[in-house]
Structures are given as C-alpha cells and as structure tokens.
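# An overview of the molecular structure
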Amino acid sequence: MESNVRYITYGANEKEIIKRGIEAIREVLMGDDNKKKKSLLFALDWFMDPYYKQDHYIADFYDELIDLLQIVTISSSDDVSEDALDLLSSYGWGPFEILEKEIEKVSEQIKPYVLEVINMDKE
C-alpha cells in the first residue's frame, strides 16, 4: 500500500537561512516553492521556541518576523498559511494588525483560525 504522506524536514540549510537574517528568510517565504517555505517555517519553530534557547538568533528582527509571518498567512496556500499561523499563535503576541487589516484576503477555510489568532490577546 502506497502512502501519500509527505514529511516536512529541515536541516543545516534552513538553519543557515534563518541565521543570515530577515532578508534571507523573506526571500524563501515570499518565493514560489511551498516545500521550501514549509521547511523553513518548521525550522523557525525551533528558533522561536524559548525552550531550545535559539531565539537569540532572531531577537534583532523578531518584530519584522512577526509581520512577515502575517504577510505569509494572507498571501500563501492554506497549508503554508496554517504553518505561519501556528508560529504566530505559539510565539507571537497581538495585536496582529496586518491580519486584522487584510482578513478579507484569507481563504474561507482558514479564516476561523485566523480570527482566533487575531483575538487571542483580547481574551
């Protein structure tokens, strides 16, 4: 029986992209390759989670990264958008002004999740 399950992984290449800074991250996340986007978002989870003590690599551009993740959420396919939203909900703090202003650009499928993330700081 053949499986259609696809695994997302990351390695040294994705870690290097993140260590190079926000412009290198933006280049991948605003590109056309969804597999590369998903791998980089998976790697970002490791950098953003304080437990792993790697967040110092992104500290200087953290706010820009949060803005970029919001842009990725409104401009990408649903699967990439969901990964970006997961990072925002786990490691970001509202208000998420870009999501609020651009909510009409979000697909109907993920809109409930986007609204939940937008409103999580208001609870």
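The text that follows walks through the structure, step by step, so that each part is easy to find.

Axis separation between helix α5 (residues 78-91) and helix α7 (residues 111-119) bottoms out at 10 Å; the angle between their running directions is 20°. As summarised for this structure, α5 and α7 are arranged roughly parallel, according to the angle between their axes. The crossing of α5 and α7 is left-handed. Contact with α5, carried on its side by Glu 82, Leu 85, Asp 86, Leu 88 and Ser 89, involves Tyr 113, Val 114 and Val 117 of α7 and no other residues of that element. Split by residue class, the contact of α5 with α7 holds five nonpolar, one polar and two charged.

This brings us to the environment of Val 80. Tracing the backbone through its elements, the reader meets Val 80 in helix α5. On the accessibility criterion, Val 80 (0% relative accessible area) is buried. Separated by 23 residues in sequence, Val 80 and Tyr 57 have C-alpha atoms that sit 23 Å apart. In this structure, Val 80 is in contact with Asn 34, Lys 37, Lys 38, Leu 41 and Val 72, ignoring residues within four places of it in sequence.

Bringing the packing of helix α1 (residues 12-20) against helix α3 (residues 34-48) into the picture now. In contact at an axis separation of 9 Å, α1 and α3 are set at 65° when each is read in the N-to-C sense. It follows from the interaxial angle that α1 and α3 lie roughly perpendicular. The handedness of the crossing between α1 and α3 is right-handed. Judged by residue contacts, Glu 14, Lys 15, Ile 17, Ile 18 and Lys 19 of α1 engage Ser 39, Leu 40, Ala 43, Leu 44, Trp 46 and Phe 47 from α3. Of the residues belonging to the contact of α1 with α3, the class tally is seven nonpolar, one polar and three charged.

Bringing the packing of aromatic side chains into the picture now. Under the criterion given, the structure shown has six aromatic pairs. Between the aromatic rings of Tyr 10 and Phe 42, the centroid separation amounts to 5.1 Å while the plane-to-plane angle is 90°, which identifies the pairing as edge-to-face. Here the residue Tyr 10 occupies a position in the segment before α1, and Phe 42 occupies one in helix α3, the gap between them amounting to 32 residues. Judged by its relative accessible area of 26%, Tyr 10 falls in the partly exposed class. On the accessibility criterion, Phe 42 (39% relative accessible area) is partly exposed. Measuring from centroid to centroid gives 5.7 Å for Phe 47 and Tyr 57, while their planes differ by 80°, and the two rings are edge-to-face. Taken as a pair, Phe 47 in helix α3 and Tyr 57 in the loop between α3 and α4 (62-75) lie far apart in primary sequence, 10 residues in all. Of the residues examined, Phe 47 reaches a relative accessible area of 0% and is grouped as buried.

Thresholds applied
Residues numbered from 1 in each chain as written. Predicted model: local features only at pLDDT ≥ 70, side-chain atom pairs only at ≥ 80, totals over all residues. Heavy atoms only, no water. Axes fitted to C-alpha atoms, helices over the stretch in contact; angles between N-to-C directions. Helix = DSSP H or I, 4+ residues; strand = E, 2+ residues; numbered from the N terminus. Parallel < 35°, antiparallel > 145°, perpendicular 65-115°, else oblique. Left-handed = near helix turned anticlockwise from the far one by under 90°. Contact = heavy atoms within 4.5 Å. Nonpolar A, V, L, I, M, F, W, Y, C, P; charged D, E, K, R; others polar. Buried < 20%, exposed > 50% of the residue type's maximum accessible area, 1.4 Å probe, protein only. Phe/Tyr/Trp six-rings, centres within 6.5 Å; stacked < 30°, edge-to-face > 60°.

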